[in-house]
Amino acid sequence: MATYGIDLGTTYSCVAYIDDTGRPAVAKNMVGEDTTPSVVYFETPDNVVVGRDAKNSAKLEPDLVVSLIKRQMGQDIELSFHGTTHTPESISALILSELARAATEFTGEPVREVVITVPAYFGVAEREATRNAGRIAGLDVLNVVPEPVAAALHYEVVTPAGERTILVYDLGGGTFDTTVIKVAGNEINVVCTDGDHHLGGVDWDERIVRHLLDSFLAEHPDSEVADNEDFLQELTIAAEEMKKALSSTTSRRHNMRFGGDTARVELTRERFEQITGELLERTLDITERTVATARDKGVASFDDVLLVGGATRMPAVAARIAERFGFETKLHDPDLAVAKGAARFALIESVKLHLPGEEASQSGQATAGKQATAASPAAVQRVADQLGITTEAVRELAKKKVRTVVPRAFGIKVVDSADPDLRRQKVAHILPPNTALPASPDTERFGTVEDNQTEIEIEIWEQAGATVSEELADNAAIGRGLINGMPPLPRNSPIDVTFTMNETGVLRVHAVELKSGKDLHIELQIQGLTEEQVEKARNAVARYTLSE
Ligand code: ADP
Ligand code: MG
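Rules and cut-offs
- Residues numbered from 1 in each chain as written.
- Chains lettered and ligands numbered in written order.
- Predicted model: local features only at pLDDT ≥ 70, side-chain atom pairs only at ≥ 80, totals over all residues.
- Heavy atoms only, no water.
- Salt bridge = Lys/Arg side-chain N within 4 Å of Asp/Glu carboxyl O.
- Helix = DSSP H or I, 4+ residues; strand = E, 2+ residues; numbered from the N terminus.
- Buried < 20%, exposed > 50% of the residue type's maximum accessible area, 1.4 Å probe, protein only.
- Patch = residues over 30% accessible without salt bridge, like charges linked within 9 Å, V, L, I, M, F, W, Y side chains within 5 Å.
- Areas by Shrake-Rupley, 256 points an atom, 1.4 Å probe, with all protein chains shown as cover.
- Lys, Arg positive; Asp, Glu negative; His and termini not counted.
- Charge placed at Lys NZ, Arg CZ, Asp CG, Glu CD.
- Contact = heavy atoms within 4.5 Å.
- Near = heavy atom within 4 Å.
- Polar contact = N/O pair within 3.5 Å; in protein donor to acceptor, adjacent residues only side chain to side chain.
- 1 Å grid on protein atoms, 1.4 Å probe; cavity = no way out; pocket = protein on both sides within 12 Å on 5 of 7 lines; lining within 4 Å.
- Sits in = over half its atoms within 2 Å of the grid points.
- Nonpolar A, V, L, I, M, F, W, Y, C, P; charged D, E, K, R; others polar.
- Domains from an automatic or database assignment.
- Axes fitted to C-alpha atoms, helices over the stretch in contact; angles between N-to-C directions.
- Parallel < 35°, antiparallel > 145°, perpendicular 65-115°, else oblique.
- Left-handed = near helix turned anticlockwise from the far one by under 90°.
- Buried area = accessible area lost by both parts, 1.4 Å probe.
- Pairing = 2+ DSSP bridges.
- Points joined across faces, edges and corners; volume = space filled by probe spheres on them.
- Phe/Tyr/Trp six-rings, centres within 6.5 Å; stacked < 30°, edge-to-face > 60°.
- Lys NZ or Arg CZ within 6 Å of the ring centre and 35° of its normal.

### Regarding the pattern of salt bridges
Okay, so step 1: According to the stated counting rule, one finds 36 salt bridges in the structure shown.
Okay, so step 2: Across the pair Arg408 and Glu462 runs a salt bridge, and its minimum N-O distance is 3.8 Å. Taken together, the residues span a long stretch of sequence, with Arg408 in the loop between strand S19 (401-403) and strand S20 (410-415) and Glu462 in strand S23 (residues 456-463) at a distance of 54 residues.
Okay, so step 3: Judged by its relative accessible area of 9%, Arg408 falls in the buried class.
Okay, so step 4: With a shortest N-O distance of 3.3 Å, Glu457 and Arg480 are connected by a salt bridge.

Okay, here's the thing in C-alpha cells:
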C-alpha cells in the first residue's frame, strides 16, 4: 500500500509518493508534468476539466473557470455552475480527485491514505475545510500538515542528532509564508509563522502583463486591446512564461499582434526586477517581522534558510535575502519540496496509524513514539510489509513527532473599560499567536459591565488580519455562548475565562461567574460542512467525469 503526500497549492498542486527505494518521488500528471494548475473548468454539466487546459480557458470562460479557490477555503461561500451549487471544499475536492486519478495512473497504485499540506498561516476553519475537501474526494486524510514542516522534511534538515533552527521562505503562486521551525531530535516544532496569502507569483505576472500592455499602447495609442479577453488571456499566459524564462536567461522577447497592429517587446531581467522590486521587498518586510518574532522567542540565529515555492526560482529572491539579512539560502526543487516532504510525513503517519496500541490512531493524529517503539516485533514487521519499508525504518519513523503552533490569536469580545461611555467594544486576546499546541494559557479575569446583570454573553473571536489587533474589524467572530439565570449582580463582578486548544486546533472555552458559580463550556464548532453536507458533496463530485 502506498502513501501519498499532496501539496494542494493556490496556483499549482503536486502529488508525491514513496517509491520502491524508500525515497519520495513525484507522480507526474496526465500530461507528463510535475505540477498541475489548481484550476477547475466546468466544461459541461457533467464534465470537469482540471489543470492546464482549464487554466488556458480562464479568461475565455470566466463564469465557468475557478482559480485560486484556496484563498476561499474555510469561508462560507457558494458558487454555482450549470445550476449546481459548489463550495470551496467541493471545488478543491475536484482538484484532489483529478490529482489522485493521475497519480494512480502513474504509480499503478490506488490513492487512499493521504496527507494534504496547508499554509502555516491557515487558521482552524481553513484546515478543517481542507480535510473535508479530501473526504469529499473520497480520500482518507491521515492528517493535514503545515507546508513549511513538509518542506523541512524534504530538505532533510530534520535529523535525529542535535537541535536545528530553520527559516522557511515560501513564495508560491498566490501565497507567501515565512515560518521558523525548531527541530530537536525527533521533534519538529513550529516556532512562529507569518505571511500574506494575497501575495505570490501571480502578482509578478500581473506586473509583466501591465508592462506588455503599456508597451503595446505606447506604439498604438488608439488600440482597444485592453478590452479584448482573448488577447488578455494570451498575454497572461505569455507573461508567466516570460517570468519563468527570466529565471534562467537575462532577456526575453514577446511579439504581440492585435487587429493588424503589432509590437515587439523586449524585457530584460534587470527591468523585470525593477518593475517587481516592490513586491519582493514586501516579502522581505514580512520576513523581517518573522525574524523579530523568533528573536523574541529566543531564536538568535538560523542553521538553515530554505527557499520553497516555484517563485523562489527567481534569482532576485536569494540575492535580496542575502543582501538584506546575510542569509545563505538552500534551493532545491522548490515547487516539489512540499509534496515530497508530505509524502515522507504520510509515511510517518501511516506507520503510526497501523501500529497497534497507538492511542491516537482513531483520530488519525499521530502523537507518541513511546507506544510505537513498544509495539511487538510482529506488529512492526506487519507494518513494514504493508508499507514496503524495513522494520528499522518503521521504528525510526514511529519516533517522529510534529508539533505546531496556534496560527492566530484567539480571544473574547469585551467592553473597553477605558471608554467613559462603556460603548467601545474590542477583542481581548487570551491565546496569543505562535503558542505551541496543545496550549493552555493562564485563566483571565473579566468583570460584568452593568449593575443587576443576570446574563453574560461570551463571544469568541479569532484574529483575522496579519497581526494581532484589538479592533473588532481586524478579528472574526467564531462562536458564542450564554451564562444566564444569575442573581442580579453588582457591576464588575468577576468572571474567569479559560481557553485551551488541543493538538488538532479544537478550542475549548470555560467561563465561570465566580459569585454564583454558574459557568459555561464551549467546544468550538468550527464553522464548516456537516457530515451530511460532506456526504452529499461527495456524491455530487463523484458524478462528474474528469479530464485534464
Ligand atoms: P503554489 O503557491 O500554488 O503552491 P508553486 O510553489 O508551485 O505554487 O509556485 C507557483 C508559482 O511559481 C507560479 O507563480 C509560477 O509561475 C512560479 N514559477 C514556477 N517556476 C518558476 C520559475 N522558473 N521562475 C519563476 N517563477 C516560477
Ligand atoms: Mg505552495
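### Quick word on a negative patch on the surface
Okay, so step 1: Residues Asp222, Glu224, Asp227, Glu229, Asp230 and Glu234 make up a contiguous surface patch of negative charge.
Okay, so step 2: In this structure, Glu229 sits in helix H6 (residues 229-245).

### Some words on the environment of Val414
Okay, so step 1: In this fold, Val414 is placed in strand S20.
Okay, so step 2: Residues Val414 and Arg382, 32 residues apart in the sequence, show an inter-C-alpha distance of 55 Å.
Okay, so step 3: Among residues more than four places away in sequence, those in contact with Val414 are Arg424, Gln425, Lys426, Ala428 and Phe446.

### Some thoughts on the site of ligand 1
Okay, so step 1: Residues in close proximity to ligand 1 total 18 residues, the closest being Thr11, Tyr12, Glu240, Lys243 and Ser247.
Okay, so step 2: At a separation of 2.8 Å, an oxygen atom of ligand 1 approaches a polar backbone atom of Tyr12.
Okay, so step 3: A total of 580 Å² of accessible area belongs to ligand 1 in isolation, and the protein chains cover 91% of it.
Okay, so step 4: The site holding ligand 1 turns out to be the largest pocket.
Okay, so step 5: Within the shell around ligand 1, the residues separate by chemical class into three nonpolar, ten polar and five charged.
Okay, so step 6: When residues are assigned to domains, the shell around ligand 1 turns out to be shared by domain 1 (4-155 + 335-354 + 534-547) and domain 2 (201-275), each giving three or more.

### Some remarks on the packing of helix H3 (residues 124-136) against helix H13 (residues 531-543)
The geometry of a pair of packed helices is captured by two quantities: the angle between their axes and the separation between those axes.
Okay, so step 1: It is at 8 Å that the axes of H3 and H13 come closest, and there the two elements cross at 45°. In terms of orientation, H3 and H13 fall into the oblique class. Seen from above, H3 lies across H13 with right-handed handedness. Each of Asn132, Arg135 and Ile136 in H3 lies in contact with H13, whose residues at this interface are Glu531, Val534, Ala537, Arg538 and Val541.

### Quick notes on the domain arrangement of the protein chain
Interface size, as often reported, equals the accessible area lost upon joining of the parts.
Okay, so step 1: According to the domain assignment, the protein chain contains domain 1 (4-155 + 335-354 + 534-547), domain 2 (201-275) and domain 3 (410-517).
Okay, so step 2: Opposite the nine residues of domain 1 that make contact, domain 2 presents nine residues.
Okay, so step 3: Where domain 1 abuts domain 2, roughly 690 Å² becomes buried across the two surfaces, and 49% of that area is made up of carbon and sulfur atoms.
Okay, so step 4: Area buried by domain 1 at its contact with domain 2 is led by Asn56, Lys59 and Leu60, which between them contribute 62% of it.
Okay, so step 5: Our count for the contact surface shared by domain 1 and domain 2 stands at one salt bridge.
Okay, so step 6: Put simply, Lys55 and Glu240 hold a salt bridge, and the shortest N to O gap is 2.6 Å.
Okay, so step 7: Taken together, domain 1 and domain 2 are joined by four residue pairs in polar contact (both at pLDDT 80 or more).
Okay, so step 8: The class makeup of the residues in the side of domain 1 that touches domain 2 is three nonpolar, three polar and three charged.

### Here we look at the packing of helix H9 (residues 337-354) against helix H11 (residues 377-387)
Okay, so step 1: H11 packs onto H9 with a crossing angle of 140° between their chain directions and a minimal axis gap of 10 Å. Accordingly, the angle class assigned to the pair H9 and H11 is oblique. The crossing of H9 and H11 is right-handed. Side by side, H9 and H11 meet where Leu347, Ser350, Val351 and His354 of the first sit next to Arg382, Val383, Gln386 and Leu387 of the second.
Okay, so step 2: Its residues assigned to classes, the contact of H9 with H11 shows four nonpolar, three polar and one charged.

### Points about the sheet that holds strand S28 (residues 545-547)
Okay, so step 1: Sheet architecture is open: four strands sit in the order S7-S5-S6-S28, paired in mixed fashion. One side of each edge strand has no neighbouring strand; the edge strands of this open sheet are strand S7 (65-66) and S28.
Okay, so step 2: Both strand S5 (residues 40-41) and S7 contribute to a ladder of two bridges, which runs antiparallel. Residue pairing for S7: Val40 is matched across the bridge by Val66.
Okay, so step 3: Most of the contacts of helix H2 (residues 88-107) go to S28, to which it runs at about 65°, and overall it touches S5, strand S6 (47-50), S7 and S28.

### So, empty space enclosed by the protein
Okay, so step 1: Applying the stated criterion across every chain, the model contains three cavities of 30 Å³ or more.
Okay, so step 2: In this structure, the largest cavity occupies an estimated 60 Å³ of space.
Okay, so step 3: With four residues, the top contributor of residues to the lining of the largest cavity is H2.
Okay, so step 4: Considered class by class, the residues forming the lining of the largest cavity number five nonpolar, two polar and five charged.

### Points about the layout of surface pockets
Okay, so step 1: Taken as a whole, the largest pocket holds about 1,200 Å³ of empty space.
Okay, so step 2: For the largest pocket, the lining is made up of 49 residues, of which Thr11, Tyr12, Lys55, Val202 and Glu240 are closest to its centre.
Okay, so step 3: The biggest single contributor to the lining of the largest pocket is H6, with seven residues.
Okay, so step 4: Of the residues assigned to the lining of the largest pocket, the class counts are 17 nonpolar, 17 polar and 15 charged.
Okay, so step 5: Looking at which domains feed residues into the lining of the largest pocket, each of domain 1 (4-155 + 335-354 + 534-547) and domain 2 (201-275) supplies at least three.
Okay, so step 6: By volume, the second largest pocket amounts to about 940 Å³.
Okay, so step 7: In this structure, the second largest pocket is lined by 42 residues; those nearest its centre are Gly74, Gln75, Asp76, Ile77 and Glu89.

### Topic: the packing of aromatic side chains
Okay, so step 1: Summed over the entire model, instances satisfying the criterion amount to nine aromatic pairs.
Okay, so step 2: Ring geometry for Phe42 against Phe81: centres 4.1 Å apart, planes inclined by 5°, an arrangement best described as stacked. On the criterion of sequence distance, the pair formed by Phe42 in the loop between S5 and S6 and Phe81 in strand S8 (residues 79-81) is long-range, its members being 39 residues apart. Side by side, Phe42 and Phe81 carry an identical accessibility label, which is buried.
Okay, so step 3: Look at Phe231 and Phe258: their rings are 5.5 Å apart centre to centre, the planes differ by 65°, and that puts the pair in the edge-to-face class. Note that Phe231 is positioned in helix H6 and Phe258 in strand S15 (residues 251-258), a separation of 27 residues in sequence.
Okay, so step 4: Given a relative accessible area of 5%, Phe231 falls into the buried group.
Okay, so step 5: Through successive ring pairs, a cluster of aromatic residues spans Tyr4, Tyr17 and Phe106.
Okay, so step 6: The ring of Tyr544 is capped by Arg543, whose NZ or CZ atom sits 5.8 Å from the centre of that ring.

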